[in-house]
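Structural description and commentary
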2 protein chains.
Amino acid sequence: MIHALPYRRMLILTEGLLGTFSSKTGTSMLRYRRQDIVGVLDSVSAGTDIQASCPGIRDVPIFADLAEAEPLRPDAVLIGVAPVGGELPPAMRRHLVEALRRGLSIVSGLHQPLGADPELADLARMHGGRIHDVRQPGPIDRVARGLARRTRARRVLTVGTDCAVGKMVTALELRRAAVAAGLDAAFVATGQTGIMIEGWGLAIDHVLADFVAGAVEQLVEQVADRQIMFVEGQGSIGHPGYSGVTLSLLHGCCPDAMVMVHHVGRQCHSRWEDCPLAPLPVQIELYERVLAPLHPGKVVAVAVNTVGMPEDQASAAVRAIAAETGLPAADPVRQGAEPLLEAVRRHLGI
Amino acid sequence: MIHALPYRRMLILTEGLLGTFSSKTGTSMLRYRRQDIVGVLDSVSAGTDIQASCPGIRDVPIFADLAEAEPLRPDAVLIGVAPVGGELPPAMRRHLVEALRRGLSIVSGLHQPLGADPELADLARMHGGRIHDVRQPGPIDRVARGLARRTRARRVLTVGTDCAVGKMVTALELRRAAVAAGLDAAFVATGQTGIMIEGWGLAIDHVLADFVAGAVEQLVEQVADRQIMFVEGQGSIGHPGYSGVTLSLLHGCCPDAMVMVHHVGRQCHSRWEDCPLAPLPVQIELYERVLAPLHPGKVVAVAVNTVGMPEDQASAAVRAIAAETGLPAADPVRQGAEPLLEAVRRHLGI
């Protein structure tokens, strides 16, 4: 269940997908584990400035292949994309083969277990590299009983109006702000990127459906005696593909407070064009109602993702959302998570 | 994905659990596939009258062991219980070993795959029996897109105030009533007992969480061109352990109409004593609200499970629930599913 990733000179593999929607794994690694990354591997973007693809990130070289990156002595290749369905994009295979031939290790958050791929497994054995499939949970077979309600630590969950809006980032920024404020705060990773960043956790979307909420209970118990925990949200209650995982997470951790995350301008569930998002106030009420039979948790603030917007438009968008919902709102990346944390603390009385 | 079970002389194994909560699988087989069953295997209840344990079921012999049942020439042993967690109750193993030694096959709906048990697998190979793990779905890797909304067939889902209230039975009785009324009606099995009864389907609680709703879409597509389908519900929206599966099923099949199933007198989620049930009207509204962002399905009737109650009390309970919810209500086993079907047809205009 707990994955340890000891690498300090990683290459982020995005092959042809750098800067696209799918490369959020790589972008988050660059943001939260920059010190352990030596470059990006992407023959399509090679030689360009990383800022062109990933605004706000600087001075990371982009290489076309392993040979080019060799002088930086990389120790692992981390697959920096999260495609729908979770299979290895075919264009990435040659880089993995080359990396394993050179004795490097592979870190993957795909559903498809790379350790079960005969060619890759053989190469790892021959050359001494390891294959880390961080989405493989190991044996998980507990049915949730609502036990999360008993933790000493107060529980805060980030929830979203859609997938890929910034729930992990919001939880990480909240934890950062809480630690800075002197709280004994933990981050609970529930997805592959969160695990890669934090070094432990569980990819709950890869658990058998009956045991997802139980797995969340087990995660929460790891930090039960801390003061406060920020649990990384998954999916969205209105998304036809992922809503079950979202609800299992909600009932598995029974949050005292929720922070809603919304990406300004998102009209439909991402790439599900025929599934429009319900309005923010409707979604907020829905999360609270569906939790209510078990626990009286409330949405206490809105984290607004304004990435790519000019400063004045971003501020206006945040103000508009605060007015629409009647809740404190802020973009935790642009403005810091302090206003969101303050709303959480006020609600919890800590 | 489609399981075929050709057995016509099955023994239902309940070893020590006949008549308990856990033996609902066996009881349903006795109710809906009686013609293919020669007896029950349970050394604790052996020799007693089946009516004492399973009211309404008659003339099924209960045997202490395989040797006793031999004269009836059984062809398979079906595990007739659904324990929490889905592991094989230890007391059952000796019966399975004995059955396989005699060349019989095993039908199991447990999470634990019996085909992967070395002793049992060896015995099956040696003596020619087969092991059917009907909960093992095979490769399932589709993320739902809300495509169920496009079927020609109208979609009806049974939903519940709790687990084990009668959602499968209600769907089966609705299908029976619909066929009797001349409709081209299908039953969609989503759990192990439903699959055993119907001969095809998928145990959706044993699918990786991200793919549950997608698996439901695939099931629904099997009968997309029929006139109406009755989809077997799973779990309950307020149950901390199973709510994720429930929501995936709801969003995966996007029902036009729902029939709520409630067991009279159930106060808490079964064996989850610290999780009280929300009132019926609250639950009805919750199912509709959580579906609404995707599809405008409504709860149109309540199936009331009054098993074990005297006739007058049962009638009073059904009337009380109709008054509380403002919806047509009936016990589909005691009174027939016709009043429920009528409500469905009125809502759908068919």
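1. Here we look at the overall build of chain A
If you tally the helices and strands in chain A, you get 12 helices and 14 strands. The globule rule puts the C-alpha radius of gyration for 350 residues at 20 Å, and the 20 Å found for chain A is close to it. In terms of principal-axis extent, the alpha carbons of chain A reach across some 55 × 50 × 45 Å. Looking at the 350 residues of chain A, the share that counts as buried comes to 55%. For chain A, contacts bridging at least 24 residues in sequence account for 74% of all contacts bridging at least 6.

2. Some details on the interface of chain B and chain A
Listed per partner, the contact involves 37 residues of chain B and 37 residues of chain A. Put simply, the parts of the chain that give the side of chain B that touches chain A at least two residues each are helix 8 (212-222), helix 9 (243-253), strand 12 (272-276) and helix 10 (280-291) of chain B. Per-element tally for the side of chain B that touches chain A: the top contributor is helix 9 of chain B, with 6 residues. Residue classes in the side of chain B that touches chain A are distributed as 21 nonpolar, 10 polar and 6 charged.

3. A few points about the relation of the copies chain B and chain A
When chain B is fitted onto chain A, the two copies agree to an RMSD of 0.0 Å after a turn of 180° and an axial shift of 0.0 Å. When the rotation and shift are considered jointly, the pair of chain copies conforms to a two-fold rotation axis.

4. What about the sheet that holds strand 3 (residues 62-63) of chain B?
Residues and elements named next belong to chain B. The sheet built from 6 strands is open, its strands ordered 3-2-1-4-5-6 with parallel pairing. Only two strands of the sheet have a single neighbouring strand rather than two, namely strand 3 and strand 6 (131-133). Here 2 bridges tie strand 2 (residues 37-41) to strand 3, and the two strands are oriented parallel to one another. Bridged to L41 within strand 3 is F63.

5. Some details on unusual backbone geometry
A positive phi angle, close to 55°, is found at A164 of chain A, a residue other than glycine. Looking at the element boundaries, A164 of chain A is found in the loop between strand 7 (154-160) and helix 6 (167-180). Using a count of 19 C-beta atoms within 10 Å as the deciding quantity, one classes A164 of chain A as partly exposed. Of note, R73 of chain B is a non-glycine position whose phi angle comes to about 50°, a positive value. Locating R73 of chain B in the fold gives a position in the loop between helix 3 (66-69) and strand 4 (76-79).

6. What to know about the environment of A67 of chain B
Residues and elements named next belong to chain B. On the secondary structure map, A67 appears in helix 3. A count of 10 C-beta atoms within 10 Å places A67 in the exposed class. In this structure, the C-alpha to C-alpha distance between A67 and A99, residues 32 residues apart in sequence, is 9.4 Å.

7. Looking at the sheet that holds strand 7 (residues 154-160) of chain B
Residue and element names in this part refer to chain B. The parallel open sheet is built from 6 strands, whose spatial order is 8-9-7-10-13-14. The open sheet terminates on both sides in strands that have one partner only, identified here as strand 8 (185-188) and strand 14 (329-330). Sheet analysis places strand 7 next to strand 9 (residues 228-231), joined by 4 bridges and oriented parallel. Bridged to R155 within strand 9 is M229. Packing against the sheet, helix 11 (residues 311-325) makes contact with strand 10 (257-263), strand 13 (298-305) and strand 14, and its axis sits at approximately 160° to strand 13.

8. Here's the deal with the domain arrangement of chain A
Split by domain assignment, chain A resolves into domain 1 (10-133) and domain 2 (147-348). Facing 12 residues of domain 1 of chain A, the contacting portion of domain 2 of chain A comprises 12 residues.

9. Brief notes about the confidence of the model for chain A
Across chain A, pLDDT averages 92, with 98% of residues at or above 70. Reported for the predicted complex are a pTM of 0.75 and an ipTM of 0.71.

10. Focus: the environment of V220 of chain A
All names here are of chain A. Assignment of secondary structure puts V220 in helix 8 (residues 212-222). The class for V220 is buried, based on 25 C-beta atoms found within 10 Å. For the pair V220 and F187, spaced 33 residues apart in sequence, the C-alpha separation works out to 9.8 Å. Ignoring anything within four residues of it in the chain, the contact list for V220 reads A148, T151, R155, V188, M229 and C253.

11. What about the packing of helix 6 of chain A against helix 12 (residues 338-348) of chain A?
All names here are of chain A. Two elements in contact, helix 6 and helix 12, have axes separated by 9 Å at closest approach and are oriented at 75°. Viewed along their axes, helix 6 and helix 12 adopt a mutual orientation that is roughly perpendicular. Where helix 6 abuts helix 12, its residues L174, A177 and A178 lie against E338, L340 and L341. Residues that form the contact of helix 6 with helix 12 fall into these classes: 5 nonpolar, no polar and 1 charged.

12. Remarks on the pairing of strand 7 of chain B
Residues and elements named next belong to chain B. The buried fraction of strand 7 amounts to 7 of the 7 residues, a majority that puts the element mostly inside the structure. Where strand 7 meets strand 10, 5 bridges bridge the pair, whose relative direction is parallel. Within the sheet, the bridge partner assigned to V159 lies in strand 10 and is M260.

13. Some details on the environment of G235 of chain B
Residue and element names in this part refer to chain B. In this fold, G235 is placed in the loop between strand 9 and helix 9. Of the residues examined, G235 has 27 C-beta atoms within 10 Å and is grouped as buried. A C-alpha to C-alpha distance of 7.6 Å links G235 and A164, two positions 71 residues apart in sequence. Sequence-distant contacts of G235, defined by excluding residues within four places in its chain, comprise C163, Y242, S243, V245 and T246.

14. Regarding the packing of helix 4 (residues 93-101) of chain A against helix 5 (residues 118-127) of chain A
Geometrically, a packed helix pair is captured by the angle between its two axes and the distance between the axes. All names here are of chain A. Following both chains from N to C, one finds helix 4 and helix 5 inclined at 20°, their axes separated by 8 Å at the closest point. By the angle between their axes, helix 4 is roughly parallel relative to helix 5. With respect to the hand of their crossing, helix 4 and helix 5 are arranged in left-handed fashion. Where helix 4 approaches helix 5, its residues L96, V97, L100 and R101 are matched on the opposing element by L120, L123, A124 and H127. Of the residues contributing to the contact of helix 4 with helix 5, the split by class is 6 nonpolar, 1 polar and 1 charged.

Conventions used here
- Residues numbered from 1 in each chain as written.
- Chains lettered and ligands numbered in written order.
- Predicted model: local features only at pLDDT ≥ 70, side-chain atom pairs only at ≥ 80, totals over all residues.
- Helix = DSSP H or I, 4+ residues; strand = E, 2+ residues; numbered from the N terminus.
- Rg over C-alpha atoms; globule rule 2.2 N^0.38 Å.
- Buried ≥ 20, exposed ≤ 12 C-beta atoms within 10 Å, placed from the backbone.
- Contact = placed C-beta atoms within 7 Å.
- Nonpolar A, V, L, I, M, F, W, Y, C, P; charged D, E, K, R; others polar.
- Least-squares fit on C-alpha atoms with pLDDT ≥ 70 in both.
- Pairing = 2+ DSSP bridges.
- Axes fitted to C-alpha atoms, helices over the stretch in contact; angles between N-to-C directions.
- Domains from an automatic or database assignment.
- pLDDT = per-residue confidence, 0-100.
- Parallel < 35°, antiparallel > 145°, perpendicular 65-115°, else oblique.
- Left-handed = near helix turned anticlockwise from the far one by under 90°.

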